[in-house]
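Residues per chain, in single letters:
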Amino acid sequence: DIIEVDYIWKNGELVPWADATTHVLSHSLHYGSGVFEGIRCYKSPEGKSNVFRLRDHMERLHRSAKIACIDLPYTVDELCDATVELIEANNLPACYIRPIVYRGYGVMGVDPTGAKVEVVIAAWPWDSYLGEDALENGVSVGVSSWRQRSINAIPPAVKSTASYMNSILAKLEAKEHGYAEAIMLNEAGLVCEGTGENLFVVRDGVLSTPPTSDGLLEGITRDSVLCLADDLEIPALEESLTRSDLYIADEVFMTGSAAELTPIGSVDGRAIGKPGPVTRALQDRFFDVVYGKVEEYAEWLTPVTVK
Ligand code: PMP
């Protein structure tokens, strides 16, 4: 659930949480025309707070806006500075950050021309997305009967609000079947992604993840994991995967800014087992990096000063 804090950044200024409202006839509310991001700020056990890959997220937000033909009136630098200002004003040592750019009030109808572009950044404390136990012991997932939208419907590189209708349908179906998360196949029947996560499998010591051309969001955590695998000399490749590749994998895990690096213990009732050595090694390294323990990744961290 959302935990209320003092301020939300809206169109260039900090406004009290309760005042960060929008009109019910906002274009994005009706047509899903917004683009957004999900980012985490981590507090290390030593008490240092850093936002993880802030610039990369704001760059992706700009790419999403470009695809969606939204004129984003703030530069990447301005959005990064605004995020730091917001976290410091709210005094949040660890939080989830949600920037959203949406088409507001002004026109009704599919053509968004004339709707005011609104830019909002919110942050609040948010624990592990699927729970601490999920990170430690893994989760059960099921392949959804819902397919991920095709690359010629909503482009996968745009992180748009509209894309998540698919994810919502798949998530609700997964819950109904007793799974923590759904895996969506693409229209061609290849493994695509989770409802808010990318997917990895390990087989015979080799890590693989589907390529973005299979229609998935180019995850920043996915990219981080590929970098960390390289450091740990774990062979890694991007290759299309079928549903049965999930069943016969030695290890399967999901990645996302919210879900972090979550092991998968079973797929469609086929046991994968306890989190394996490759998953554990990557998870440990990931948390070392976000907590600022790995010097060579200092550039991925943006420090924030909080009490
Ligand atoms: N796929 C989907 C559909 C997502 O919503 C997310 C979360 N943004 C991801 C993958 C993972 O992306 P990231 O690691 O950048 O959070």
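The protein chain is annotated in an unreviewed UniProt entry as Branched-chain-amino-acid aminotransferase of Xiamenia xianingshaonis. Heading Sequence similarities (unreviewed entry) of the UniProt record for the protein chain holds this comment: "Belongs to the class-IV pyridoxal-phosphate-dependent aminotransferase family." Turning to the protein chain, the UniProt record has this under Cofactor (unreviewed entry): "pyridoxal 5'-phosphate".

(A) How the structure looks around the overall build of the protein chain. From N to C terminus, the protein chain includes eight helices and 17 strands. The C-alpha atoms of the protein chain give a radius of gyration of 19 Å, which matches the 19 Å a tight globule of 307 residues would have. By its C-alpha atoms, the protein chain is 55 × 45 × 30 Å across when sized along the principal axes. Counting only residues that meet the buried cut, the protein chain has 44% of its 307 residues in that class. Looking at the protein chain alone, contacts between residues at least 24 apart form 71% of all its contacts between residues at least 6 apart.

(B) Geometry of the domain arrangement of the protein chain. Parsing the protein chain into structural domains produces domain 1 (7-124) and domain 2 (132-290). A C-alpha centroid distance of 25 Å is found between domain 1 and domain 2. Facing the 20 residues of domain 1 at the interface are 11 residues of domain 2. Put simply, the parts of the chain that give the side of domain 1 that touches domain 2 at least two residues each are strand 3 (35-36), strand 4 (39-43) and helix 2 (54-67). Per-element tally for the side of domain 1 that touches domain 2: the top contributor is helix 2, with six residues. Among the residues making up the side of domain 1 that touches domain 2, the classes are represented as eight nonpolar, six polar and six charged.

(C) Summary view of unusual backbone geometry. Of note, the phi angle at asparagine 11 is positive, near 50°, even though the residue is not glycine. Mapped onto the secondary structure, asparagine 11 falls in the loop between strand 1 (7-10) and strand 2 (13-16).

(D) A look at the nonpolar core. Formed by 74 residues in total, the largest nonpolar core has its most connected members in Ile97, Val101, Ala123, Val141, Val252 and Ile264. A domain-level breakdown of this core finds at least three residues from each of domain 1 (7-124) and domain 2 (132-290). Residue contacts for isoleucine 264: discarding those within four places in its chain leaves Gly138, Val139, Val141, Val252, Phe253, Met254 and Ile272.

(E) The arrangement of the site of the ligand in detail. Not every one of the 15 residues close to the ligand is listed here, only the nearest: Leu217, Gly219, Ile220, Thr221 and Ser257. Among the secondary structure elements, those contributing two or more residues to the shell around the ligand are helix 6 (220-231) and strand 14 (251-256). The leading source of residues in the shell around the ligand is helix 6, at three residues. Along the lines of polarity and charge, the residues of the shell around the ligand split into three nonpolar, nine polar and three charged.

Each value, and the rule that gives it
- Residues numbered from 1 in each chain as written.
- Predicted model: local features only at pLDDT ≥ 70, side-chain atom pairs only at ≥ 80, totals over all residues.
- UniProt positions renumbered as here; feature names shortened; annotations may be inferred.
- Helix = DSSP H or I, 4+ residues; strand = E, 2+ residues; numbered from the N terminus.
- Rg over C-alpha atoms; globule rule 2.2 N^0.38 Å.
- Buried ≥ 20, exposed ≤ 12 C-beta atoms within 10 Å, placed from the backbone.
- Contact = placed C-beta atoms within 7 Å.
- Domains from an automatic or database assignment.
- Nonpolar A, V, L, I, M, F, W, Y, C, P; charged D, E, K, R; others polar.
- Core = buried A, V, L, I, M, F, W, Y, C linked by C-beta atoms within 7 Å.
- Near = placed C-beta within 6 Å.

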